[in-house]
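What follows is each chain in one-letter form.
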Amino acid sequence: MRRIARLLLAAVFTAVAGAAEKPPVRDLSGEAKHVVAAARPGFFCGWPANEGIWAWGNEILVGFYLAPYRYNPKGHSVDGSKPGVDAFARSLDGGETWSFEPASYDSRAVSSDGCETWSYDKEAKKLTRPLDFSRPGFAMKLRNGRMYCSYDRGRSWGGPFRLRVEGIDRPLRARTDYIVEGAGQAKIFLPTLKSDGASGRSLMAETTDGGQSFHFVGWLAPEPETPKENSKHSFSIMPSTVKLPDGTLVTALRERRGRKKWIEIRRSVDGGRTWESLSIPSRMAWNPPSLIRLADGRLCLTYGDRCKPYSIRARLSGDGGRSWGPVLILRRDAASWDMGYVRSVQRPDGKIVTLYYHTTAEHPEQFIAGTVWQP
């Protein structure tokens, strides 16, 4: 009898766990407004999560990568034989309309017809004067082992400056994720290589001297176990982090172990030194997350789902990331898995602007799309 009771109990727990893994779904795609933020005939626009997003009220700046397009059904539709370029799209009206801007921070240039020849290896230099993170127009871009900064809302950039973390001798694989704490103090969250030399594991570092140096604070998650067949398919990368009013740090991580892929929420209550797992809001995302804290205190997670039907999704949490509401479908018309890499901001009127790269049957070349929606 005891064995039967244990089996029945196990069945109940399995059923509950299965139900928890399949949250209710709400389709908001018809209610949301979809816009084109950047598109160029003959070119691939991609990966906003790699290049960053910044907002000052209704002014929004998003970075992306622009490269000649070549259809590739098995990989990214980029013509690797030709140069690509960093670029930006800017909106002054809360994401309703957008304009194109070339990146001003290095010798790469974009003509009206596309990409021109440019020098890739502009040497990164040491930052010799402290940055003022508190300036109203400040923006910082972190990319691999480089750092760029702007005091005019990204219209011009200083850099590249060398990005190093004291105590970490592995190459950095940074994307832009930082929290300003004061004029000369900021926390940054970024991946580096694992101990086996493959990507990747995420850490938190901090500067107290305006970005002239960064010291290691803590790992966001344990080092991922390495599958014997392929270590590059085991990682914990691309954090997107917010700070709650009580000082708690909450981050969303892109996780993969072989064929298993998910988004995990972790938190720290001791300033980033130690972290614990809170929840797994998506078990099939195949895409980096974007986490923001809304004006009403809720957390908003947006991400691309590369399982059919390819879609842009969101979930909301009212308890700091412990539990999540229904899956909100923001858009579901992607023609290819080659989409997503979301970044989101909230407008002063409360609506959310979600940026991502996308492709449709009518527009097969990847472009930067935006969805404006009410949480």
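These numbers come from a predicted model, not from an experiment.

So, how was this worked out
- Residues numbered from 1 in each chain as written.
- Predicted model: local features only at pLDDT ≥ 70, side-chain atom pairs only at ≥ 80, totals over all residues.
- Heavy atoms only, no water.
- Pairing = 2+ DSSP bridges.
- Helix = DSSP H or I, 4+ residues; strand = E, 2+ residues; numbered from the N terminus.
- Axes fitted to C-alpha atoms, helices over the stretch in contact; angles between N-to-C directions.
- Buried < 20%, exposed > 50% of the residue type's maximum accessible area, 1.4 Å probe, protein only.

## Here we look at the sheet that holds strand β12 (residues 158–162)
No. 1: With respect to topology, 3 strands assemble into an open sheet ordered β10-β11-β12, the strand pairing being antiparallel. Looking at the sheet topology across the chains shown, the edges are occupied by β10 (139–143) and β12. On average, adjacent strands in this sheet sit at an angle of 20° to one another, irrespective of strand direction.
No. 2: Here 3 bridges tie strand β11 (residues 146–150) to β12, and the two strands are oriented antiparallel to one another. What sits directly across from R146, in β12, is R162.

## As for unusual backbone geometry
No. 1: That bond from S199 to G200 is cis: its omega, -10°, falls within 30 degrees of zero.
No. 2: Inspection of the secondary structure puts G200 in strand β15 (residues 199–207).
No. 3: Of note in this structure, R153 is not a glycine but carries a positive phi near 60°.
No. 4: On the basis of relative accessibility, which here comes to 29%, the residue R153 falls in the partly exposed class.

## Brief notes about the pairing of strand β17 (residues 234–243)
No. 1: Within β17, 9 of the 10 residues are buried, which leaves it mostly tucked inside the rest of the structure.
No. 2: Where β17 meets strand β18 (residues 249–257), 8 bridges bridge the pair, whose relative direction is antiparallel. Note that in β18 the partner of T241 across the bridge is T251.
No. 3: Taking the residues between adjacent antiparallel strands as the criterion, β17 and β18 are bridged by 5 residues, where G247 takes a positive phi near 95°.

Scope: geometric values only; no functional claims are made or implied.
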